[in-house]
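Results of the structural survey
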Amino acid sequence: MLKVGITGGIGSGKTTVCRIFELLGIPVYYADTMAKDIMNRDPDLKEQVKHHFGSDIYDSQDLLNRQRLGNIVFNDQDKLQLLNSLVHPATIRDAEAWASRQQAPYVLKEAALLFESEAFHYLDKIIGVSAPQPLRLQRAMHRDKASRNDILARMYKQMDETVKMRLCDYIIYNDEQQMVIPQVLRLHEELLVISR
């Protein structure tokens, strides 16, 4: 099974590109979404999170209080790194198990932090989705109903876009200058050949 990562900065359009691949029959593992789920269903991870962030980080139904956790980690870089060091390995394990159950010629794993989380080591190829920062900023502000400063703060916590794209095997340009669908179709054909 060929395992392909897809990454890009905030507002680059990773989800849009993934939806096109899904229309082509390619399963997509959305790492950020799944990480939130794993924090509620992986008993070992829950115990680690409780140990480091307090048992009251989970509510009376034993569900994670994401807002409370967010308030802790997004104001403390060390605590954010600690949380990532707990969550990323659990997400990698979950993605591996998920991929082994798929029947498609290849699978995609979508994650903003593929390189930062070391998840790229478990993938065969990496696709980068690229868009200029002003466009990414505008998209993210609109999507998240967030201020310019909030989005910029999140952007600056991520790996530099230029560096990230250099590390990728393929780049899809989602810059409103080039059509995305033909780029995805060409890449899909190439990945089908590689996966045989």
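The structure this text deals with has already been given above.
Residues numbered from 1 in each chain as written. Predicted model: local features only at pLDDT ≥ 70, side-chain atom pairs only at ≥ 80, totals over all residues. Heavy atoms only, no water.

1. Details of the overall build of the protein chain
Scanning the protein chain from terminus to terminus reveals nine helices and five strands. Taken over C-alpha atoms, the radius of gyration comes to 17 Å for the protein chain, in line with the 16 Å a tight globule of 196 residues would show. Over its C-alpha atoms, taken along the principal directions, the protein chain stretches across nearly 50 × 40 × 25 Å. Relative to its 196 residues, the protein chain shows a buried fraction of 47%. Within the protein chain, residue pairs in contact and separated by at least 24 positions form 71% of the contacts whose partners lie at least 6 positions apart. (Helix = DSSP H or I, 4+ residues; strand = E, 2+ residues; numbered from the N terminus. Rg over C-alpha atoms; globule rule 2.2 N^0.38 Å. Buried < 20%, exposed > 50% of the residue type's maximum accessible area, 1.4 Å probe, protein only. Contact = heavy atoms within 4.5 Å.)

2. With respect to the nonpolar core
Core analysis: the largest hydrophobic core is formed by 30 residues, its most contacted members being Met39, Leu45, Val49, Phe53, Leu69 and Leu83. The residues touching methionine 39, leaving out its near neighbours within four places in the chain, are Leu45, Lys46, Val49, Tyr58, Leu64, Leu69, Leu83 and Val87. Tyr30, Val129, Tyr170 and Ile172 belong to the second-largest nonpolar core, a separate cluster that totals 21 residues. (Core = buried A, V, L, I, M, F, W, Y, C linked by side-chain atoms within 4.5 Å.)

3. Quick notes on the packing of helix α4 (residues 66–73) against helix α5 (residues 77–100)
Closest axis-to-axis distance for the α4/α5 pair is 7 Å, and the angle between their directions is 125°. In terms of orientation, α4 lies oblique with respect to α5. From α4, Leu69, Ile72 and Val73 reach across to α5, where they touch Gln77, Lys79, Leu80 and Leu83. A per-class count over the contact of α4 with α5 returns five nonpolar, one polar and one charged. (Axes fitted to C-alpha atoms, helices over the stretch in contact; angles between N-to-C directions. Parallel < 35°, antiparallel > 145°, perpendicular 65-115°, else oblique. Nonpolar A, V, L, I, M, F, W, Y, C, P; charged D, E, K, R; others polar.)

4. Focus on empty space enclosed by the protein
Within the structure shown, the criterion is met by one cavity of 30 Å³ or more. Reported here for the largest cavity is a volume of approximately 80 Å³. Taken together, 13 residues form the lining of the largest cavity, with Lys3, Ala95, Glu96, Lys109 and Leu123 sitting closest to its centre. When contributions to the lining of the largest cavity are tallied by element, the ones reaching two or more residues are β1 (2–7), α5 and β3 (106–110). It is α5 that contributes the most residues to the lining of the largest cavity, five residues altogether. Residue classes in the lining of the largest cavity are distributed as ten nonpolar, no polar and three charged. (1 Å grid on protein atoms, 1.4 Å probe; cavity = no way out; pocket = protein on both sides within 12 Å on 5 of 7 lines; lining within 4 Å. Points joined across faces, edges and corners; volume = space filled by probe spheres on them.)

5. As for the packing of helix α2 (residues 31–41) against helix α3 (residues 43–53)
Two elements in contact, α2 and α3, have axes separated by 6 Å at closest approach and are oriented at 85°. In this view, α2 runs roughly perpendicular relative to α3, as classed from their interaxial angle. Here α2 contributes Ile38, Met39, Asn40 and Arg41 to the contact with α3, which in turn contributes Pro43, Leu45, Lys46 and Val49.

6. Let's talk about the sheet that holds strand β4 (residues 125–130)
The strand order across the open sheet built from five strands is β2-β3-β1-β4-β5, with neighbouring strands paired in parallel fashion. Each of the sheet's edge strands pairs with one partner strand only, and the pair in question is β2 (28–30) and β5 (170–173). Averaged over all adjacent pairs, the angle separating strand axes in this sheet is 25°, with direction ignored. In this structure, β4 lies alongside β5, joined through four bridges in parallel fashion. The residue of β5 that forms the bridge with glycine 128 is isoleucine 171. Each of β1, β2 and β3 touches α5; the most contacted strand, β3, lies at about 160° to it. (Pairing = 2+ DSSP bridges.)

7. Some thoughts on the environment of arginine 19
Checked against the element boundaries, arginine 19 lands in helix α1 (residues 14–23). Residue classification places arginine 19 among the partly exposed residues on the basis of a relative accessible area of 44%. Within the structure, the side chain of arginine 19 is placed 3.2 Å from the side chain of glutamate 22, a separation counted as a polar contact. (Polar contact = N/O pair within 3.5 Å; in protein donor to acceptor, adjacent residues only side chain to side chain.)

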